[in-house]
Amino acid sequence: MKTTFNSFINPINLPNSTPQPQMNKVDMSVPNDAFVKSKPTMEAYMEKLNNLFPNNELNEIFDKITQKLGIDIPPNLVFNDINDHVQGGGYTYRTNTVYFSLPDLLDNDHKIVGIKNGKKETLIEPRTKSPAVIDKKFGEEIVKTRKDNFKSRYDDIMLEPMTKEDQRKFILQKLVHELIHAQQHMFMRKTFGNKEVLKAWTHLKPKNPVQVAQLNEITDKEFSKSYWADKPETPRKYNIATPQGMMSHVWLEAVRNYELPPSPNYDKNAIEVDAYNRAYQYIVQNYGGY
């Protein structure tokens, strides 16, 4: 794995059934054993991240997850800073990169807890299967103004600082989510080929031979500038009639029809639901619940 800080920017087994309905967006190279500090404004974030995952632990976990998922060509891991105007994180097939905004990961350091019969329970967001993590100021506003929304489930809700273990799990769940996206793309490559996956990300749906030719030209140009341009073509392993091939087809169509929030279709996209569900399962099975 190559872990980098970009200062200028944006096998778990396959599920037994088709997901019902994050692929967010998203290189400089450094040794596998270092997080690169660049701007002074990032030093505190990098120090906090390394305190959460000391002694190269995050790189080691990254490698372990990619091996568990059976990813043949592991993506690079890039961290963005507050000046990059990037939110959240994601996996980008074009560059084969997982990226994260460290301010978004580390500034949201509180969680909302529900209280029922004197017992506390971390609120888990049903769609993302993630804990309700938030920054302190916004969290206090939610607890103050939206308590009534939770009356059917809890006697009360409150805001608590996340423990170190909570923060580790939260970051790892997001990392697993994006690596599942890389795995999904691997299966698509092994079914349809490297270029066809990039073609799906154009979201173009040609209706006649002229449009087909235009799409092929656009795809060729994009592919020539992509991470995959100088890589050997991924050998086709799965026939469309196999379970892996059928799942790859579902995912390819999900890519072709991908819509970003606030579209209501975002929540129903097959690649997102699959990644949300399996990332949560991975964390619970390997690190326990929140």
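Parameters at a glance
- Residues numbered from 1 in each chain as written.
- Predicted model: local features only at pLDDT ≥ 70, side-chain atom pairs only at ≥ 80, totals over all residues.
- Heavy atoms only, no water.
- Helix = DSSP H or I, 4+ residues; strand = E, 2+ residues; numbered from the N terminus.
- Buried < 20%, exposed > 50% of the residue type's maximum accessible area, 1.4 Å probe, protein only.
- Areas by Shrake-Rupley, 256 points an atom, 1.4 Å probe, with all protein chains shown as cover.
- Core = buried A, V, L, I, M, F, W, Y, C linked by side-chain atoms within 4.5 Å.
- Contact = heavy atoms within 4.5 Å.
- Phe/Tyr/Trp six-rings, centres within 6.5 Å; stacked < 30°, edge-to-face > 60°.
- Arc of directions from axis to C-beta.
- Pairing = 2+ DSSP bridges.
- Polar contact = N/O pair within 3.5 Å; in protein donor to acceptor, adjacent residues only side chain to side chain.
- Expected span 1.5 Å × (residues − 1).
- pLDDT = per-residue confidence, 0-100.
- Salt bridge = Lys/Arg side-chain N within 4 Å of Asp/Glu carboxyl O.

Draft legend 1. Looking closely at the overall build of the chain. A count of helical and extended segments in the chain gives 9 helices and 10 strands. In the chain, which comprises 290 residues, the proportion classed as buried is 47%. When the accessible area of the chain is evaluated, it comes to approximately 14800 Å², of which 52% is carbon and sulfur surface.

Draft legend 2. Seen up close, the nonpolar core. Of all hydrophobic cores here, the largest spans 52 residues; its most connected members are Leu102 and Leu175. Here the element with the most residues in this core is helix H5 (residues 164-192); it accounts for 11 residues. Sequence-distant contacts of Leu175, defined by excluding residues within four places in its chain, comprise Leu58, Phe62, Ile65, Leu77, Val98 and Phe100. Of all hydrophobic cores here, the second largest spans 9 residues; its members include Leu123, Ile142, Tyr154 and Ile157.

Draft legend 3. Highlighting the packing of aromatic side chains. What the rule picks out here adds up to 6 aromatic pairs. Arranged with centres 5.1 Å apart and planes meeting at 20°, the rings of Tyr93 and Trp228 form a pair that is stacked. Here the residue Tyr93 occupies a position in the loop between strand S3 (89-92) and strand S4 (97-101), and Trp228 occupies one in the loop between helix H7 (209-224) and helix H8 (243-256), the gap between them amounting to 135 residues. Across the pair, exposure class does not vary: Tyr93 and Trp228 are buried alike. Among the aromatic residues, those joined into a ring-pair cluster are Tyr93, Tyr227 and Trp228.

Draft legend 4. Region of the structure containing helix H1 (residues 43-52). Listed in full, the buried residues belonging to H1 are Tyr45, Met46, Leu49 and Leu52. The buried residues of H1 occupy one face: seen down the axis, they fall within an arc of 125°. In this fold, the buried residues of H1 make contact with helix H2 (57-69), strand S2 (76-80), helix H3 (102-107) and H5.

Draft legend 5. Spatial organisation of the pairing of S4. By the criterion of burial, S4 is predominantly enclosed, with 5 of the 5 residues buried. Going residue by residue along S4, you find Thr97, Tyr99 and Ser101 tucked away on one face and Val98 and Phe100 tucked away on the opposite face as well. In terms of strand pairing, S2 meets S4 through 5 bridges, oriented parallel. Following the sheet pairing, Leu77 is matched in S4 by Val98. Here S3 pairs with S4 via 4 bridges, running antiparallel. The residue bridging Gly90 from the neighbouring strand is Tyr99, located in S4. Where S3 folds back onto S4 in an antiparallel hairpin, the turn is made up of 4 residues, including Asn96, whose phi is positive at roughly 50°.

Draft legend 6. Summary view of the side chain of Ser130. Its place among the elements puts Ser130 in strand S8 (residues 130-131). The buried category is assigned to Ser130, whose relative accessible area is 15%. Here the side chain of Ser130 touches Gln173 through a polar contact of 3.4 Å, side chain to side chain.

Draft legend 7. Looking closely at the environment of Ile124. With respect to the helices, strands and loops of the structure, Ile124 is situated in strand S7 (residues 124-125). When the C-alpha atoms of Ile124 and Val113 are compared, they prove to be 9.2 Å apart, with 11 residues separating the residues in sequence. Dropping the residues within four chain positions of it, Ile124 is found in contact with Lys129, Ser130, Pro131 and Tyr290.

Draft legend 8. Main features of H5. With 29 residues, H5 ought to run about 42 Å at 1.5 Å a step, and its terminal C-alpha atoms sit 42 Å apart, in line with that. Buried residues dominate H5, accounting for 26 of its 29 residues. Looking one or two residues beyond H5, the residue adopting positive phi is Gly193, at roughly 105°.

Draft legend 9. Local environment of the confidence of the model for the chain. Scored by pLDDT, the chain has a mean of 85; 84% of the residues are at 70 or more. Across the chain, helix H6 (residues 194-200) holds the top mean pLDDT of 98, while strand S1 (residues 3-5) sits lowest at 41. Here residues 1-40 is modelled with pLDDT under 50, and outside its nearest four sequence neighbours on either side it reaches 138 contacts, counting other chains as well.

Draft legend 10. Spotlight on the pattern of salt bridges. Taken as a whole and judged by the stated rule, the model has 18 salt bridges. Across the pair Glu57 and Arg168 runs a salt bridge whose closest N-O atoms are separated by 2.9 Å. Of this pair, Glu57 sits in helix H2 while Arg168 sits in helix H5, and the two are 111 residues apart along the sequence. Looking at Arg168, the relative accessible area reads 13%, which means it is buried.

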